[in-house]
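Breakdown of the fold
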Amino acid sequence: MRDFSARKLTILLVDDDPAMIRLLRTVLTLEMHDEVELHTETDPLVALEWLEDHHCDIVLSDIEMPQLDGLELLRFAKRRNAWTQVVFITAHSSFDRITAAVELGADDYLLKPIDRETLIEVVTQLCRRSARWQSAVLGTMSLT
């Protein structure tokens, strides 16, 4: 077991394709068991509302979606919580869109079709990073 932190890390999965959401949820649930809490949305506007009301450690999102693109979701997530890590999943984004995502603070990107091993590796790294940051923040707070 990986034991990322004292509390379960929260991951938000956002993709307008329900099949992609099912795939991501299945893979992450099988691999991460109950080490993370998963929340899924196929409507990016609903995901935005969810982010407004909940703490989120990691967002895995399609970058190209109707109504609200992934870059807007990234901007909102980072304004709401600078510690939130964002990974984009894309099948056909341009170099300019991916570059813009990195410049806005995206932590990584994955190409569709998603390789299971790469997905697990990226999410595991993000979870470990979140746990280290939480530990550092808590350590700093205990010193004051």
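This write-up is about the structure you can find in this document. (Residues numbered from 1 in each chain as written. Predicted model: local features only at pLDDT ≥ 70, side-chain atom pairs only at ≥ 80, totals over all residues. Heavy atoms only, no water.)

Once that is clear, we can look at the environment of Cys127. Along the chain, Cys127 turns up in helix 5 (residues 116-143). Residue classification places Cys127 among the buried positions, given a relative accessible area of 0%. Linking Cys127 and Trp50, residues 77 residues apart in sequence, is a C-alpha distance of 20 Å. (Helix = DSSP H or I, 4+ residues; strand = E, 2+ residues; numbered from the N terminus. Buried < 20%, exposed > 50% of the residue type's maximum accessible area, 1.4 Å probe, protein only.)

Inspection of helix 4 (residues 95-103) places Arg97, Ile98 and Ala101 among the buried residues, and these make up the whole buried set. Mapping the buried residues of helix 4 onto a view down its axis gives an arc of 95 degrees, with all of them on the same face. With respect to the buried face of helix 4, the exposed residues turned more than 90 degrees away are Phe95, Asp96, Val102 and Glu103. Next to the buried residues of helix 4 lie helix 3 (70-80), strand 4 (85-90) and strand 5 (108-111). Phi turns positive, to about 110 degrees, at Gly105, one or two residues after helix 4. (Arc of directions from axis to C-beta. Contact = heavy atoms within 4.5 Å.)

What follows deals with the pattern of salt bridges. This model, assessed by the stated rule, comprises 9 salt bridges. The residue Lys112 makes a salt bridge to Asp15 at a minimum N-O spacing of 3.0 Å. Placement of the pair is Lys112 in the loop between strand 5 and helix 5 and Asp15 in the loop between strand 1 (9-14) and helix 1 (18-32), with a sequence separation of 97 residues. Lys112 sits in the partly exposed class, given a relative accessible area of 22%. Its salt-bridge partner being Glu117, residue Arg116 comes within 3.3 Å of it at the nearest N-O pair. Salt bridges sharing partners connect three or more residues here, namely Asp15, Asp62 and Lys112. (Salt bridge = Lys/Arg side-chain N within 4 Å of Asp/Glu carboxyl O.)

So, to be careful, I would describe these as geometric facts and stop short of saying anything about function.
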